[in-house]
Amino acid sequence: MRRVVTSALLLLVLGALVAWGVGGALGLSFAPVSVPVERAAAAPATPLVAAPAISVISVPAEPRLTLAAKAVADALVRRGLPAPAIGQEPAEGPGMPLRVVVGVAPFGSSLEAYRLGGDGTAITIEAAGVAGAATGLYAVADRIRSGSAVLPAPDLTGAPAVFAPRLGLRLTDAGSVGREPDPAAFAAGTDYSLNTDVVVGALLPAAPWVDQAAVARIDAQFRQFVEHSLAQGYNGVVVPGFLEYVTFALVGDGHAVYPAGDDHIARAQALVEAFGPVFRHAADLGMRVYLLTDMLAVSPPLERYLEREFGGLKVADPRFWQVYQLGLTELFQAMPFVSGLMVRIGEGGDVYRQPGWDYSSKLAVTGVDAVRAMLRALLGTAGAAGKDLIFRTWTVGVGAVGDLHTNPASYEEVLGGIDDPHLIVSTKYTLGDFYSHLPFNGTLETGTHRRIVEFQARREFEGSGALPNDLTGLHQQALRRFLAANPHVEGVWTWTQDGGPLRAGPMTLYLRTGFWQLYDLNAYTLGRLAHDPDAPAEQLTADWVRQTFSSDPATVAAVCEMLALSREAVTKGLYIGAYADHSVRALGLEPPPMMWIFEWDIATGDSAALTSIYAVTAASGAVDAAVAEGERAVEVAARMRALITATDPATWRDPVLRAKLLDTLTYEADLFGTLGAYRTMVLRHVQWLDTGSSAAYDAWRAAERRYESARDAHVTRYGGDVDLPAYNFTAADLGATRADRDPLMAWLARALFVLLLAALVAGAILRRPAALHALWTGATRPWRVAHLDAAVSRTDRFLVLAVPAAALILSRLVYTWFAAPAHLVLTLGAWLLFALTARLLLGRRDPFHLWATIGGVALLRSLLLLAALAVRGPGHYWLEFWTAPTVRAVYICVAFAAFGWLFVATTLVLRDRYHLRRRHVTATLLLVAGTPLTLLGALVTTIGLERALTLWNDQLALLPWGLSRILGITVYLGIPPTLPAAATTTGALLTATGTALLLLRRHSPTPAQ
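This is a predicted model, so every value here is computed, not measured. (Residues numbered from 1 in each chain as written. Predicted model: local features only at pLDDT ≥ 70, side-chain atom pairs only at ≥ 80, totals over all residues. Heavy atoms only, no water.)

**Let's talk about the sheet that holds strand β14 (residues 388-392)**
As summarised here, the arrangement of the eight strands in space is β8-β9-β10-β12-β14-β15-β16-β17, forming a closed barrel in which the pairing is parallel. The sheet shows a mean angle of 25° between the axes of neighbouring strands, taken without regard to direction. Note that strand β12 (residues 340-344) and β14 share four bridges and pair parallel. Its bridge partner lying in β14, Gly340 is registered against Asp388. Lying over the sheet, helix α9 (residues 368-385) contacts β12, β14 and β15 (423-428), oriented at roughly 155° with respect to β14. (Pairing = 2+ DSSP bridges. Helix = DSSP H or I, 4+ residues; strand = E, 2+ residues; numbered from the N terminus. Axes fitted to C-alpha atoms, helices over the stretch in contact; angles between N-to-C directions. Contact = heavy atoms within 4.5 Å.)

As structure tokens, then:
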């Protein structure tokens, strides 16, 4: 008896340890954060300043200046004036000349500085070099398009004004270059590929490897994008690519990585020949060209070479990086116009692999030593070539440097002491991804390295550019803060198109397809802010509106007011503020501030996200406010549409753009109405789970009816629309279906609990029927099972099996809302395999006492589960599991102890009732444990862990439905993909050991049974 008590206490201690471990991995914690306060303002109605009547633009015969002069000419034509001549100034003629003088004494350290003046008869731009002259011409063109005065107000001295961009490095991504508008692919909305390589569309599967017609098409797109970016004030472009242009001819004898005749060699050479001139054209126009790669970049032959030479991906070994150094040297030799390489280490894998393309990336550089070894090696190569290495701090929680992006201490640990003038560190301005409701990134205020700040014009998580979203004021706040705090901030990197999936959103391709003008606003204003961070934000927005939509003062004012409201609409319509304004940790991760819309457009229905959002919101006392927030978003969207509807259509430059804007605002109001009903439904449902309030129950049911109506209308109207796509409510409906069953499941759990409890009480007190008494004894006093009478009726033999089996099946059906057969296969399969294995090992012995023991423990486990489910169904069970650490810890402790009790009880009955020797008992326990582990592990291995988890999660709706479809459950949660194989191997070892013990046991007689 003492040993039994000791075993029970030990099981409780082990259960407590398991509960502690689970709590550490899953526990929810949250704290308020300082979110930037956005104070949007609209510029007042202001008449346009008359454009100067420029008759000729006198510039030196230099391609960069000719292109910039053409931008001025186009701006004048746009204002209704004749196009001026570009070239040498005529002796006389109408209008005034715009003279560009290059070669004057420098105005300071900036090569882009220029002096602008005029006397009423001529306008003059003076600069030390071509870069300054071009910058001045683009500034004049912008002022003409904006309806602003070209010449600044004179100072007291009357001297011409000197201008220079505040930030010297102003990068963009590559826009939509290389992507094609494919209505079928966009309408499906399921392509979550993140590969942004611009050259893929020109690849051929065999020699000559490159489709020249496709190259010409991509070249035209790239030229258009570069010229547009130059006009907006940018001076650099980041183009994806690295490994595809490298043959590793400098490694070994030239064929150590790629053998002679390998297709990789011919393809890389063809790509350099085809696209080198395309990218060089941008450099010729004054754009710095940077290539972008993930590390570790690999191809199959390269990975095999690294395995042979280094015994694996030994990324912390400086020798390992010599291979990449030689590849980078080759790249700079093949494309000498390239200004440097940008490297990211925090993302990678199959989602970035292009179909038919064997170049890929691995999340391998995840340790401090590995990062430092990589940077020192690549900087050595870049420095020798006079190139830059731009290192992105985006590490998204992977490995030992997982918080490099957000933690100044980690930043210093990883990058401290690497003081190289060729190193530029690039960091997102938010303390996380490009969401709203996030603090500014404090790591940008630290360090001694050259820094650039990353911004996103097309906000991927906020409608992927389909919604009006004027970020000018927010971006200005961020930029001014970082410049004030860190003198090493020298640039920006604006994502005009990048971020998010390529085709799981609106078919909007920058400058080419769809209503791209909505996010061109942010690209334009960021370019202007990089030149002058102190320019009034509302004025920058108004300048863009005049250039894009209308020059009519009343219409401009209305559009500006609409855009000033856009941030309130987005931040209330797509976020639940009380949750979003907290820093949250859950599942060992730091979930983003949106979360109820998981990754772009999927309204989630999982309990982990929704119950956590509710818990944070309820802790702030803001459930009612969160509901009202959704309603306010609809009101703001309606106000925005009313403003545009009231404008005179005749005042718009392009009536198509007015129609698109009205359609977009109609879509926004419809979307926010649908999401508002959904947020109310899920918050009130979880509130009912939490409190049992009848008012919350009624509000949940009413909101559900509104949601279903709004969802149907939204999907009917926008389903398949490639410009304004419907959001995906599949996951939401999965969760809603299970939520609907919570009340019924609770009543079923209560009924089953009472029946099972009555059965055990009857067995304990009445001791009849004998099967119930046996189950009670097996559950509570397995050491007494041996004393039970074996002479029982057929009915008792049936009941001792049927009652526990029914309890197991029915309780697990209730637990899974009758909707998760995958879970039943695993749980019931484990019980069945355990019991059958034990029964087979008894041979011809009477199994009644074994069934009583296993069945009795099964009843205890079922009663414990039903007690948890009886409160308010499985939904309440998961609410407590995710958000109530004390309740969760107690439940896990007791449940684990009950699980362990199964083995203790089985040991006792095998020893006391069947008189098996210790070795035989041990062998049996190994076999009953190993058999389920082996067979079920093999089943999951055959299916594949990711697929099995996806199937299981889809049916239980515990984690975001989109997780497996976008990021992968195993990748996101760091679950080793070899786990099922390891479980199978462990089970096989247990089974083999148990079998060996059985075969080696002494053949001594045992008493007849």
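So, next bit.
**A closer look at the pattern of salt bridges**
Under the definition given, this model contains 39 salt bridges. Note that Arg450 is salt-bridged to Glu490, the shortest N-O span being 2.9 Å. Here the residue Arg450 occupies a position in strand β16 (residues 450-456), and Glu490 occupies one in strand β17 (residues 489-495), the gap between them amounting to 40 residues. Accessibility expressed as a relative area gives 22% for Arg450, which makes it partly exposed. With a shortest N-O distance of 3.2 Å, Asp534 and Arg480 are connected by a salt bridge. Highlighted residues: Asp534 in the loop between α12 (517-531) and α13 (537-548) and Arg480 in helix α11 (residues 472-485), separated in sequence by 54 residues. Judged by relative accessible area, which is 43%, Arg480 ranks as partly exposed. It is possible to trace a salt-bridge network through shared partners that takes in Asp142, Arg145, Arg528, Asp543 and Arg546. (Salt bridge = Lys/Arg side-chain N within 4 Å of Asp/Glu carboxyl O. Buried < 20%, exposed > 50% of the residue type's maximum accessible area, 1.4 Å probe, protein only.)

**Observations regarding a nonpolar patch on the surface**
Together, Leu10, Val13, Leu14 and Leu17 line one region of the surface with nonpolar side chains, adding up to about 360 Å² of accessible area. Tracing the backbone through its elements, the reader meets Leu10 in helix α1 (residues 2-26). (Patch = residues over 30% accessible without salt bridge, like charges linked within 9 Å, V, L, I, M, F, W, Y side chains within 5 Å. Areas by Shrake-Rupley, 256 points an atom, 1.4 Å probe, with all protein chains shown as cover.)

**Side note on the confidence of the model for the protein**
Per-residue pLDDT for the protein has a mean of 92; in total, 97% of the residues score no lower than 70. Every residue in residues 1004-1009 scores below 50 in pLDDT, and together they form seven contacts with partners more than four places removed in sequence or on other chains. (pLDDT = per-residue confidence, 0-100.)

**Quick word on empty space enclosed by the protein**
The final tally for this structure, using the stated rule, is nine cavities of 30 Å³ or more. Considering only enclosed or pocket space, the largest cavity measures out at about 230 Å³ in volume. What lines the largest cavity is a set of 22 residues, among which Gly605, Leu610, His685, Gly735 and Ala739 lie closest to the centre. Within the residue set of the lining of the largest cavity, elements represented by two or more residues are α16 (607-619), α18 (655-691) and α20 (730-766). Among the residues making up the lining of the largest cavity, the classes are represented as 13 nonpolar, six polar and three charged. For the second largest cavity, the calculated volume is near 180 Å³. The wall of the second largest cavity is formed by 18 residues, among which Ala586, Leu587, Pro591, Met595 and Ala608 lie closest to the centre. Listed by contribution, the elements that provide at least two residues to the lining of the second largest cavity are α16 and α30 (969-973). The biggest single contributor to the lining of the second largest cavity is α16, with four residues. Of the residues assigned to the lining of the second largest cavity, the class counts are 16 nonpolar, one polar and one charged. (1 Å grid on protein atoms, 1.4 Å probe; cavity = no way out; pocket = protein on both sides within 12 Å on 5 of 7 lines; lining within 4 Å. Points joined across faces, edges and corners; volume = space filled by probe spheres on them. Nonpolar A, V, L, I, M, F, W, Y, C, P; charged D, E, K, R; others polar.)

**With respect to α9**
For α9, which comprises 18 residues, the first-to-last C-alpha distance of 26 Å matches the rise-based estimate of 26 Å (1.5 Å per residue) to within 8%. Looking only at α9, the buried set comprises Val368, Ala370, Val371, Arg372, Ala373, Met374, Leu375, Ala377, Leu378, Leu379, Thr381 and Ala382. Considering only its buried residues, α9 is in contact with α8 (322-334), β12, β14, α10 (408-415) and β15. Note on α9: the residue one or two positions beyond its end, Gly386, has a positive phi of about 70°. (Expected span 1.5 Å × (residues − 1).)

**Quick word on the packing of α18 against helix α19 (residues 694-718)**
Describing two packed helices takes the angle between their axes plus the distance from one axis to the other. Here α18 crosses α19 at 150°, and the two axes come no closer than 8 Å. The pairing of α18 with α19 is recorded here as roughly antiparallel in orientation. Both α18 and α19 take part in a crossing whose hand is left-handed. Class assignment for the residues of the contact of α18 with α19 results in 14 nonpolar, six polar and six charged. (Parallel < 35°, antiparallel > 145°, perpendicular 65-115°, else oblique. Left-handed = near helix turned anticlockwise from the far one by under 90°.)

**Comments concerning the nonpolar core**
If you look at the biggest cluster of nonpolar residues, it comprises 164 residues, and the most contacted ones within it are Phe549, Met562, Leu574, Trp596, Leu661 and Tyr678. Not counting the four nearest positions on each side in its chain, Leu574 is found in contact with Phe461, Glu462, Gly463, Leu467, Ala569, Met594, Trp596, Ile597, Phe672, Leu675, Arg679 and Tyr727. Membership of the second largest hydrophobic core comes to 152 residues, among which are Ala134, Tyr411, Leu415 and Trp516. (Core = buried A, V, L, I, M, F, W, Y, C linked by side-chain atoms within 4.5 Å.)

**Topic: the packing of α8 against α9**
One can describe the packing of α8 onto α9 by two numbers: an axis separation of 9 Å at closest approach and a directional angle of 25°. The angle between the axes of α8 and α9 places the two elements in the roughly parallel class. Between α8 and α9 lies a crossing of right-handed hand. Between α8, through Tyr324, Gln325, Leu328, Thr329 and Phe332, and α9, the contact on the second element is made entirely by Ala377, Leu378, Thr381, Ala382 and Ala385. Looking at the contact of α8 with α9 residue by residue, the classes come out as seven nonpolar, three polar and no charged.

**Observations concerning the pairing of β14**
Counted residue by residue, β14 has five buried out of five residues, so it is predominantly covered. Residues Asp388, Ile390 and Arg392 point to one face of β14 and Leu389 and Phe391 to the other, with burial holding for every one of them. Bridge count for β14 against β15 is four bridges, and the pairing is parallel. Within β15, the position partnered with Ile390 by the bridge is Ile424.

**Concerning unusual backbone geometry**
Each neighbour pair has its own omega, and for Ala207 with Pro208 the value is 10°, a cis peptide bond. Topologically, Pro208 is positioned in the loop between α4 (183-188) and α5 (212-231). Of the consecutive residues Met295 and Leu296, the connecting peptide bond is found in the cis state with omega at 25°. Even without being a glycine, Leu511 presents a positive backbone phi close to 75°. Relative to the assigned elements, Leu511 resides in the loop between β17 and α12. Phi is positive for Phe818, which is not a glycine, with a value near 55°.

**Section: the sheet that holds strand β2 (residues 54-58)**
With mixed pairing, the six strands of this open sheet are ordered in space as β3-β2-β4-β6-β5-β7. Looking along the sheet, the strands with just one partner apiece sit at the ends: β3 (85-86) and β7 (161-163). Two elements, β2 and strand β4 (residues 96-102), share four bridges in a ladder whose sense is parallel. Counted as the bridge partner of Val56 is Pro97 from β4. Along the sheet, helix α2 (residues 63-78) contacts β2, β3 and β4; its crossing angle with β2, the most-contacted strand, is approximately 170°. In this fold helix α3 (residues 130-146) packs onto β2, β4, β5 (114-118), β6 (123-127) and β7, with an angle of close to 50° to the strand it touches most, β5.

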